[in-house]
Amino acid sequence: MTVHRFSVDQYHRLGETGILDEEDRVELLEGWIVSKMVRNPPHDLSLELLDAAIRPLVPPGWRVRTQMAITTADSEPEPDLAIVEGAPRSRLPRHPGPQETGFIAEVSDSSLARDRGTKARLYARASIETYWIVNLIARQIEVHASPSGDQPEPLYRSVRVYSEGEKVPLLLGGVLLGEIAVSDVLA
């Protein structure tokens with residue numbers, strides 16, 4: 001069996017030529033085309049609650065995107081929620097890049113290992129400032145900050161866990177937008 005890594009441009013061409021389409025639940029992670037995890041009602045409810053909690057706090061010039069692609073040097077993940085800078089039409093015909101992405105959150109249950117591993121690594125490599133994992137299994141929010149950037153072993157140098165009963169500060173560009181209660185976003 002031959003295994004092949006894809007560039008972002010090659011991945012796009014697979015969609016343009018119809019080899020991949022909307023029915024294919026996949027995303028490009030570090031050059032590999034991988035299946036997206038199956039969503040379930042607790043995941044979708046937590047995403048909806050997270051969106052409702054974050055959206056009113058987002059300042060002008062930024063906007064919330066849910067389950068839409070961003071593009072990094074070697075990946076095109078579709079995070080559950082991202083806060084990106086700029087008007088919706090400002091980027092046509094491309095997805096937001098890391099320079100426009102100030103915050104990402106993944107809601108995790110069956111995807112927890114991938115979200116802590118591959119996705120944390122690729123978001124840190126892309127210097128995404130803040131990355132939350134809404135961990136439905138442990139009923140907590142894991143806040144990853146201070147990305148190392150494009151290093152041989154990219155990582156977030158700071159990881160703090162917030163449990164039920166605590167509030168998580170929502171930071172964007174180093175500015176506190178507000179606090180979100182962990183229990184308010186857990187299904």
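A quick note: this is a predicted structure, and the numbers were derived from the prediction, not measured.

Reading guide: rules and limits
- Residues numbered from 1 in each chain as written.
- Predicted model: local features only at pLDDT ≥ 70, side-chain atom pairs only at ≥ 80, totals over all residues.
- Heavy atoms only, no water.
- Phe/Tyr/Trp six-rings, centres within 6.5 Å; stacked < 30°, edge-to-face > 60°.
- Helix = DSSP H or I, 4+ residues; strand = E, 2+ residues; numbered from the N terminus.
- Buried < 20%, exposed > 50% of the residue type's maximum accessible area, 1.4 Å probe, protein only.
- Contact = heavy atoms within 4.5 Å.
- Core = buried A, V, L, I, M, F, W, Y, C linked by side-chain atoms within 4.5 Å.
- Expected span 1.5 Å × (residues − 1).
- Bend = angle between axes of the 7 residues up to and from the residue.
- 1 Å grid on protein atoms, 1.4 Å probe; cavity = no way out; pocket = protein on both sides within 12 Å on 5 of 7 lines; lining within 4 Å.
- Points joined across faces, edges and corners; volume = space filled by probe spheres on them.
- Salt bridge = Lys/Arg side-chain N within 4 Å of Asp/Glu carboxyl O.

**Q** Quick question: what am I supposed to make of the packing of aromatic side chains here?
**A** To describe a pair of aromatic rings, one takes the distance between the centres and the angle between the planes. Under the counting rule described, the total for this entry stands at three aromatic pairs. Summarising the aromatic geometry, the rings of Phe103 and Trp132 are spaced 5.0 Å apart at their centres and angled 80° between planes, so their arrangement reads as edge-to-face. With a gap of 29 residues between them, Phe103 in strand 5 (residues 101-108) and Trp132 in strand 6 (residues 130-135) connect regions that are remote in the sequence. Each member of the pair, Phe103 together with Trp132, is buried. With centroids separated by 4.9 Å and ring planes inclined at 70°, the aromatic side chains of Tyr123 and Tyr131 adopt a geometry described as edge-to-face.

**Q** Help me out: how do you make sense of the environment of Pro154 in this one?
**A** For Pro154, the position within the fold is in the loop between strand 7 (140-147) and strand 8 (156-163). In this structure the C-alpha to C-alpha distance between Pro154 and Pro42, which are 112 residues apart in sequence, comes to 30 Å. When sequence neighbours within four positions are dropped, the list of residues in contact with Pro154 reads Arg121, Ala124, Arg125, Ser148 and Gly149.

**Q** Please explain the nonpolar core as it appears in this structure.
**A** A general tendency of soluble globular proteins is for nonpolar side chains to be buried together. Within the largest apolar cluster, 24 residues are counted, with the highest numbers of intra-cluster contacts made by Ile54, Leu81, Phe103 and Trp132. Put simply, the parts of the chain that give this core at least two residues each are helix 2 (41-54), strand 4 (81-85), strand 5, strand 6, strand 7, strand 9 (167-172), strand 10 (175-181) and helix 4 (182-185). Grouped together as the second largest cluster of nonpolar side chains are 16 residues, Leu29, Val84, Ala124 and Tyr156 included.

**Q** Honestly, helix 3 (residues 112-125) in this entry has me stumped. Any pointers?
**A** The α-helix winds at 3.6 residues per turn, so residues separated by three or four positions along the chain end up facing the same way. The terminal C-alpha atoms of helix 3 lie 19 Å apart, and with 14 residues this matches the ideal 20 Å at 1.5 Å per residue to within 8%. Largest kink in helix 3: about 35°, centred on Lys119. Buried residues belonging to helix 3 abut strand 1 (26-29), strand 5, strand 6, strand 7 and strand 8. Note on helix 3: the residue one or two positions beyond its end, Ser127, has a positive phi of about 60°.

**Q** I'm lost on the layout of surface pockets in this one. Help?
**A** Where empty space is left becomes clear once a probe the size of a water molecule has been rolled over the atoms. A volume near 720 Å³ is recorded for the largest pocket. Looking at the largest pocket, it is lined by 30 residues, and the ones nearest its centre are Tyr11, Val26, Glu27, Lys36 and Glu78. Every element with two or more residues in the lining of the largest pocket is listed here: helix 1 (8-16), strand 1, strand 5 and helix 3.

**Q** Is there a simple way to explain the pattern of salt bridges in this structure?
**A** Think of it this way: side chains of opposite charge can pair up when their charged atoms draw near. Evaluated as defined, the whole model comprises 11 salt bridges. For Arg160, the salt bridge identified is with Glu166, shortest N-O distance 3.9 Å. By relative accessible area, which is 30% here, Glu166 ends up partly exposed. Residues joined by salt bridges that share partners form a network here, namely Glu30, Asp74, Arg121 and Arg125.

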